[in-house]
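# Descriptive structure summary
Given next are the chains, with one letter for each unit.
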Amino acid sequence: YQVRTFEVDMSALLDTKRALLERSGVALPARVHYVATDFTSELEAKLAEELVTRGLERDAPVMFVWEGVTAYIGTEAVDRSLRLMATLGGAGSRVIFDFSDYLLDPASLPERIRRAGFTSFAEVRFDELWRRHFPGEPPEGAYVAKLGIASK
């Protein structure tokens with residue numbers, strides 16, 4: 001498949017990733033686009049414009065993989081980011097993200113997901129994922145981290 005991919009991250013991290021790939025002799029396919037942003041800033045309009053300019057089709061189903069972000073940006077920025085993803089993606093869109101109960105209250109998360117514009121939310125603890133996909137018991141404390149799936 002020729003899936004258009006957008007790697008959205010802070011500029012310095014994108015530069016680091018690019019340099020590591022170049023040193024390893026890995027060339028990014030033309031369908032992979034790096035888009036720099038600061039998740040803690042008012043990012044919605046600028047980021048949406050940049051993604052559309054690079055080929056994101058608004059209102060089409062989009063799969064967002066939002067990994068390693070929620071722990072660093074605060075709840076207000078989490079809510080803004082979720083609203084942006086819900087706005088950009090059409091029916092059938094999903095966002096998959098990692099989180100922990102220490103940072104995002106699991107009792108309020110389903111309602112926050114719905115307020116952002118998604119219609120459903122499911123969560124799976126990492127220890128459950130481990131037991132489904134790996135041999136042996138998960139590492140101690142694996143239950144703390146969770147995978148969230150919001151759907152539109």
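Quick look at the structure, then. Keep in mind it's a predicted model, so treat the numbers as computed, not measured.

At a closest axis distance of 11 Å, the pairing of helix H2 (residues 44–53) and helix H4 (residues 75–88) adopts a crossing angle of 35 degrees. Classified by chirality, the crossing of H4 by H2 is right-handed. Residues Glu44, Leu47, Ala48 and Leu51 of H2 form the contact with H4, whose own contacting residues are Arg80, Leu84 and Leu88. Residue classes in the contact of H2 with H4 are distributed as five nonpolar, no polar and two charged.

With 29 residues, the main nonpolar core has Trp66, Leu82, Val95, Phe97, Ile113 and Phe118 as its most contacted residues. Among the elements of the structure, H2, strand S3 (63–66), H4, strand S4 (94–100) and helix H5 (109–116) are those that each provide at least two residues to this core. If you tally residues by element for this core, the top one is H4, at seven residues. When neighbours within four sequence positions are excluded, Ile113 is seen to be in contact with Leu82, Phe97, Phe118, Ser120, Phe121 and Ala150.

Next up on the list: the environment of Met85. Locating Met85 in the fold gives a position in helix H4. By relative accessible area, which is 7% here, Met85 ends up buried. Once residues lying within four places of it in the same chain are set aside, the contact partners of Met85 are Phe64, Trp66, Val95 and Phe118.

A pair of packed helices is captured by two measures, namely the crossing angle of their axes and the spacing between those axes. Here H4 crosses H5 at 45 degrees, and the two axes come no closer than 8 Å. As judged from the angle between their axes, H4 and H5 are oblique. Packed against H4, whose contacting residues are Thr75, Val78, Asp79, Leu82, Arg83 and Ala86, the element H5 presents Arg112, Ile113 and Ala116 at the interface. Looking at the contact of H4 with H5, its residues break down into five nonpolar, one polar and three charged.

Attention shifts here to the packing of aromatic side chains. Applying the stated criterion across every chain, the model contains five aromatic pairs. Judged by centre distance (4.8 Å) and plane angle (40 degrees), the ring pair of Trp130 and Phe134 falls under tilted. What links up through ring pairs into an aromatic cluster is the set Trp66, Phe97, Phe99 and Phe121.

Another aspect to go through is the side chain of Lys146. Within the secondary structure layout, Lys146 lies in strand S6 (residues 145–151). When its relative accessible area of 6% is taken as the criterion, Lys146 is described as buried. Look past the residues within four positions of Lys146 in its chain and what remains in contact with it is Phe97, Asp98, Phe99, Asp101, Pro106, Glu123, Val124, Arg125 and Phe126.

Conventions used here
Residues numbered from 1 in each chain as written. Predicted model: local features only at pLDDT ≥ 70, side-chain atom pairs only at ≥ 80, totals over all residues. Heavy atoms only, no water. Axes fitted to C-alpha atoms, helices over the stretch in contact; angles between N-to-C directions. Helix = DSSP H or I, 4+ residues; strand = E, 2+ residues; numbered from the N terminus. Left-handed = near helix turned anticlockwise from the far one by under 90°. Contact = heavy atoms within 4.5 Å. Nonpolar A, V, L, I, M, F, W, Y, C, P; charged D, E, K, R; others polar. Core = buried A, V, L, I, M, F, W, Y, C linked by side-chain atoms within 4.5 Å. Buried < 20%, exposed > 50% of the residue type's maximum accessible area, 1.4 Å probe, protein only. Parallel < 35°, antiparallel > 145°, perpendicular 65-115°, else oblique. Phe/Tyr/Trp six-rings, centres within 6.5 Å; stacked < 30°, edge-to-face > 60°.

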